[in-house]
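Descriptive structure summary
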Amino acid sequence: MKDQPAQRTHEQVQQAYRKAIQSATRGGCCSSPGETAETLSRYQPEHAALAEQVTSFGCGDPLAFAEVKPGQTVLDLGSGAGLDLLLASQKVGPKGHVIGVDMTEAMLDVARQNLARAQARNVEVRRGFIEDLPVDSESVDWVISNCVINLSPAKDKVFGELFRVLRPGGRFSISDIVVEDLPAWIRDNVAAYAACVAGAIPEREYLAGLVGAGLVDVRAAERLTYDREQLVGLLDEDLKHMGIDPELVQQGLDLVVGKVSSVKFVGRRPDRA
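Once that is clear, we can look at unusual backbone geometry. For residues other than glycine, phi is negative in most cases, and the peptide bonds are mostly trans. One non-glycine residue, E138, lies in the positive phi region at around 50°. With respect to the helices, strands and loops of the structure, E138 is situated in the loop between β3 (123-127) and β4 (140-146). Looking at E138, the relative accessible area reads 31%, which means it is partly exposed. One non-glycine residue with positive phi stands out, namely D217, at about 55°. Its place among the elements puts D217 in strand β6 (residues 216-225).

In structure tokens, the structure reads:
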């Protein structure tokens, strides 16, 4: 049985993303309507055209420098509306396979529509939680994820699952949000959690969690620290909608400038001895 705090967190995040996708906005994690241009700019030029057509809720382009090869199997944790699935589909080609896992049925419905429209026959989506992946052990060559793991209330379980599903020598490329020393009122706020901020952890803890799961060659390959304008795109609108005093919002933004970053983490599962 899932513990109650974790279940409540999952339900809150699902509700936020259900509303976001149903309203056809680029809201939610790391990409509020005011930050659409910033989100799209994180995608490489060859990916940007597709990114403009499929709603994105991410904070980076996890496939930008991934050495994904034709015929490989790619798993996307928290696959959302399917943008990164489509990008991965192009990289692995017709002999490869792409799996997307998401816990929100409304997201899966939109992803299926986008995949059908793109005639991506080498892609499938499955409903599930990233802490307990509906994926066989040692069955994928790559794990990617775009601003999702920070939403998990049990990140160590996610890191353990990442290790489990990778084949020996398999690699991962994860774009995610990390934070340092947030005020308690932001940590406790549902909107801030859904915006990938309140649930995020410091970079050093993220790296330690990946290493602790048994992964190797773990490093932060890229980093973008958000300025005030970008933080407003992440938090300001949602926090106001939650009824929080605008003056308190401004004070909170002042406190977190320079403490919220988008980081790409890379590494691999060790080769079999």
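Burial within strand β5 (residues 166-179) is extensive, with ten of its 14 residues counted as buried. Sheet topology note: the β4/β5 ladder contains six bridges and is parallel. In the strand pairing of β5, N146 is matched with S175. This β-α-β element, β4 to helix α6 (residues 155-165) to β5, shows right-handed connectivity. By the bridge criterion, nine bridges tie β5 to strand β7 (residues 260-268) in an arrangement that is antiparallel. Paired with D176 across the bridge in β7 is V263.

Turning next to the pairing of β7. With eight of nine residues buried, β7 lies mostly within the body of the structure. As paired strands, β6 and β7 are joined by seven bridges and run antiparallel to one another. Bridging across to β7, A220 finds its partner in F265.

Let's shift gears to helix α5 (residues 105-117). Compared with the 18 Å implied by 1.5 Å per residue over 13 residues, the 18 Å span of α5 between its first and last C-alpha is a close match. Of all the positions in α5, only A106, M107, L108, A111, N114 and L115 are classed as buried. Count one or two residues on from α5 and you reach Q119, which has phi positive near 55°.

L75, V143, F172, Y206 and L210 are the most contacted members of the largest nonpolar core, which has 26 residues in total. Residue assignment for this core shows that the elements contributing at least two residues are β1 (73-77), β2 (97-102), β4, α6, β5, α9 (203-212) and β7. Among residues more than four places away in sequence, those in contact with Y206 are I149, F159, I174, D176, V178, I201 and F265.

What characterises a pair of aromatic rings is the spacing of the ring centres plus the angle enclosed by the ring planes. Going through the model one piece at a time under the given rule, you end up with two aromatic pairs. Here Y206 and F265 contribute two aromatic rings whose centre-to-centre distance is 4.1 Å and whose plane-to-plane angle is 0°, an arrangement assigned as stacked. Pair noted here: Y206 is in helix α9 and F265 is in strand β7, with a separation of 59 residues, a long-range link. With respect to burial, Y206 and F265 carry one shared label: buried. Of note, R269 hangs over the ring of F163, and the distance from its end group to the ring centre comes to 4.2 Å.

This paragraph deals with the sheet that holds β2. Read from one edge of the open sheet, seven strands run β3-β2-β1-β4-β5-β7-β6, paired in mixed fashion. The open sheet has two edge strands with one neighbour each: β3 and β6. Each strand axis lies, on average, 15° off the axis of its neighbour in the sheet, ignoring direction. Most of the contacts of α5 go to β3, to which it runs at about 170°, and overall it touches β2 and β3. On the sheet, α9 packs against β5, β6 and β7 and is oriented at approximately 155° with respect to β6.

Cut-offs applied
- Residues numbered from 1 in each chain as written.
- Predicted model: local features only at pLDDT ≥ 70, side-chain atom pairs only at ≥ 80, totals over all residues.
- Heavy atoms only, no water.
- Helix = DSSP H or I, 4+ residues; strand = E, 2+ residues; numbered from the N terminus.
- Buried < 20%, exposed > 50% of the residue type's maximum accessible area, 1.4 Å probe, protein only.
- Pairing = 2+ DSSP bridges.
- Right-handed = clockwise from strand over helix to strand, strands pointing away.
- Expected span 1.5 Å × (residues − 1).
- Core = buried A, V, L, I, M, F, W, Y, C linked by side-chain atoms within 4.5 Å.
- Contact = heavy atoms within 4.5 Å.
- Phe/Tyr/Trp six-rings, centres within 6.5 Å; stacked < 30°, edge-to-face > 60°.
- Lys NZ or Arg CZ within 6 Å of the ring centre and 35° of its normal.
- Axes fitted to C-alpha atoms, helices over the stretch in contact; angles between N-to-C directions.

Limitation: the analysis is restricted to geometry and does not speak to function.
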